[in-house]
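Observations on the model geometry
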Amino acid sequence: MTFIVLAIIGGFVILTAGAEALVRGASAIALRLGITPLVIGLTIVAFGTSAPELAVSVKSALSGNSGIALGNVIGSNIANIGLILALTAIIRPIGVQSQTVKRDIPIMIGASVVLLLLLLDGQLGWIDGAVLFALLLAFLWHSYRISSDEDAEEIEAGPRNPWLSTLLILVGIGCLIGGGILFVDGAVDLARMFGISEAVIGLTIIAIGTSMPELVTSVVAALKGQSDIAIGNVVGSNIFNILCILGVTALVHPISSAGFSLLDFGVMLVLSILILPFAMSNMRIGRKEGFALLAGYLGYMAYLVTHAAA
């Protein structure tokens, strides 16, 4: 039991360190090549912050644990709204920009609907993966075109030495692979020990674990009075989780939705839709909305725990 817990914790730490190293190294090289910070933010940083989820999902699918791969994304999207966004709003009300309401949130809702439609046959095959990945490329291109006249996001540059930057990238990739193996193997062993299904493990432990960096970042931002960035991070992460992580994973190996209920997908979709009227109300998400989202999340977690037996 101790070894399993250490594997899960160690895998998570290694995953987080790997994502940080990958972002720093890739951003530094991109800046040296003259790529704008905006494009880096839309691609490299977006990939880097979701790299733990991607590594876990691909490793799970290749190991035949597709329940963990799908549960990781569904659970992360639910946690991003019901836990991360909720806690951030409770700490400090979140201001919402008009472009988030008009463009980003509807795109997130649309991506969720597309995922549900693709899962009607019970799995995501390589064709479904190709569709999701094509939509990701379209989203990135659209975001770049729309944002071309907006202020570019400031990216924290990595080391100036290109060799050191390359080393960071290699170390980051290695940590993502190794950490992903440790994290998934530990979670699978834990599920087997307690007779818990892979779907539930993916929706809870793995989903929350891989979302921890976003949680810490959002809470710290709220404490610093910068809580307005939280909703952009959450919405962008949810879009990327569906279109990139599930898209790439399904291209590598089919993903089955066996073990999941309509409630799991329904909670993800309802929370995605719910933040639209919340955001449109005075263009902010206040503490009342935050408590409502958190209550819904805790209720869903309580349901999963009470029905955890495989």
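Now for a quick tour of the structure.

Attention now goes to the overall build of the protein chain. Scanning the protein chain from N- to C-terminus turns up 10 helices and 4 strands. For the protein chain, the α and β elements follow one another from N to C terminus as α-α-α-β-α-β-α-α-α-α-β-α-β-α. By sequence separation, contacts in the protein chain at least 24 residues apart represent 87% of the contacts at least 6 residues apart. About 13,800 Å² of surface is accessible on the protein chain, with carbon and sulfur atoms providing 69% of the total.

In this section: a nonpolar patch on the surface. Taken together, the side chains of Leu62, Trp126, Ile127, Val131, Leu135, Leu251 and Val252 make up a nonpolar region of the molecular surface, amounting to roughly 670 Å² of accessible area. Of all the elements in the fold, those that place two or more residues in the nonpolar patch are helix H5 (126-146) and helix H8 (228-252). Among the elements that take part in the nonpolar patch, H5 stands out by supplying 4 residues, more than any other. A relative accessible area of 35% places Val131 in the partly exposed class.

This brings us to the nonpolar core. By size, the foremost hydrophobic cluster in this structure holds 59 residues, and its most contacted members are Leu85, Leu124, Ile231 and Ile285. For this core, the elements supplying multiple residues, two or more each, are helix H2 (37-62), helix H3 (66-91), helix H4 (98-118), H5, helix H7 (198-223), H8, helix H9 (262-280) and helix H10 (287-306). If near-sequence neighbours (up to four positions away) are discounted, Ile285 is found in contact with Leu85, Ala89, Pro93, Ile94, Val96, Ile231, Phe278 and Ala279. If you look at the next biggest cluster of nonpolar residues, it comprises 9 residues, including Ile4, Val56, Phe183 and Ala187.

On to the packing of aromatic side chains. In the structure shown here, the tally under the stated rule is 1 aromatic pair. Ring geometry for Phe260 versus Phe265: centroids 6.0 Å apart, planes at 40°, classification tilted.

Here H4 spans 30 Å end to end across 21 residues, near enough to the 30 Å set by a 1.5 Å rise per residue. Along H4, the helix axis deviates most sharply at Asp104, where the bend reaches about 30°; the proline Pro106 sits within four residues downstream. If you check which residues of H4 are buried, you get Thr100, Val101, Arg103, Asp104, Ile105, Met108, Ile109, Ala111, Ser112, Leu115 and Leu118.

On to the side chain of Asp104, then. Mapped onto the fold, Asp104 is located in helix H4. Leave out the neighbours within four places in its chain, and Asp104 touches Gln99, Val235 and Ile239.

Turning our attention to unusual backbone geometry. The backbone of Asn282 sits at a positive phi, close to 60°, despite the residue not being glycine. On the secondary structure map, Asn282 appears in the loop between H9 and strand S4 (284-285). Of note in this structure, Met283 is not a glycine but carries a positive phi near 55°. For Met283, the location among the structural elements is in the loop between H9 and S4.

The interhelical angle for the contact between H3 and H9, taken along N-to-C directions, is 35°, at an axis separation of 10 Å. For H3 against H9, the interelement crossing comes out left-handed. The residues of H9 that touch H3, namely those facing Leu70, Ile74, Asn77, Ile78, Ile81, Gly82 and Leu85, are Asp264, Phe265, Val267, Met268, Leu271, Ser272 and Ile275. Taken together, the residues of the contact of H3 with H9 sort by class into 10 nonpolar, 3 polar and 1 charged.

The next subject is the environment of Leu62. The residue Leu62 is located in helix H2 in this model. Separated by 191 residues in the primary sequence, Leu62 and His253 have C-alpha atoms spaced 6.3 Å apart. Not counting residues within four places of it along the chain, the set of residues in contact with Leu62 comprises Val252 and His253.

Bringing the packing of H9 against H10 into the picture now. Taken N-terminus to C-terminus, the directions of H9 and H10 make an angle of 180°; their axes are 11 Å apart at the nearest point. In terms of orientation, H9 and H10 fall into the roughly antiparallel class. For the pair H9 and H10, contact is made by Leu263, Asp264, Val267, Leu271, Leu274, Ile275 and Phe278 and by Glu289, Leu293, Tyr300, Tyr303 and Leu304, respectively. Looking at the contact of H9 with H10 residue by residue, the class counts come to 10 nonpolar, no polar and 2 charged.

Take the environment of Cys175 next. By secondary structure assignment, the location of Cys175 is in helix H6 (residues 162-194). In sequence terms Cys175 and Ala21 are 154 residues apart; their C-alpha atoms lie 8.9 Å from each other.

With that settled, consider the environment of Ile9. Residue placement: Ile9 occurs in helix H1 (residues 2-32). The class for Ile9 is partly exposed, based on a relative accessible area of 48%. For the pair Ile9 and Gly186, spaced 177 residues apart in sequence, the C-alpha to C-alpha distance is 8.9 Å.

Parameters and conventions
Residues numbered from 1 in each chain as written. Predicted model: local features only at pLDDT ≥ 70, side-chain atom pairs only at ≥ 80, totals over all residues. Heavy atoms only, no water. Helix = DSSP H or I, 4+ residues; strand = E, 2+ residues; numbered from the N terminus. Contact = heavy atoms within 4.5 Å. Areas by Shrake-Rupley, 256 points an atom, 1.4 Å probe, with all protein chains shown as cover. Patch = residues over 30% accessible without salt bridge, like charges linked within 9 Å, V, L, I, M, F, W, Y side chains within 5 Å. Salt bridge = Lys/Arg side-chain N within 4 Å of Asp/Glu carboxyl O. Buried < 20%, exposed > 50% of the residue type's maximum accessible area, 1.4 Å probe, protein only. Core = buried A, V, L, I, M, F, W, Y, C linked by side-chain atoms within 4.5 Å. Phe/Tyr/Trp six-rings, centres within 6.5 Å; stacked < 30°, edge-to-face > 60°. Expected span 1.5 Å × (residues − 1). Bend = angle between axes of the 7 residues up to and from the residue. Axes fitted to C-alpha atoms, helices over the stretch in contact; angles between N-to-C directions. Left-handed = near helix turned anticlockwise from the far one by under 90°. Nonpolar A, V, L, I, M, F, W, Y, C, P; charged D, E, K, R; others polar. Parallel < 35°, antiparallel > 145°, perpendicular 65-115°, else oblique.

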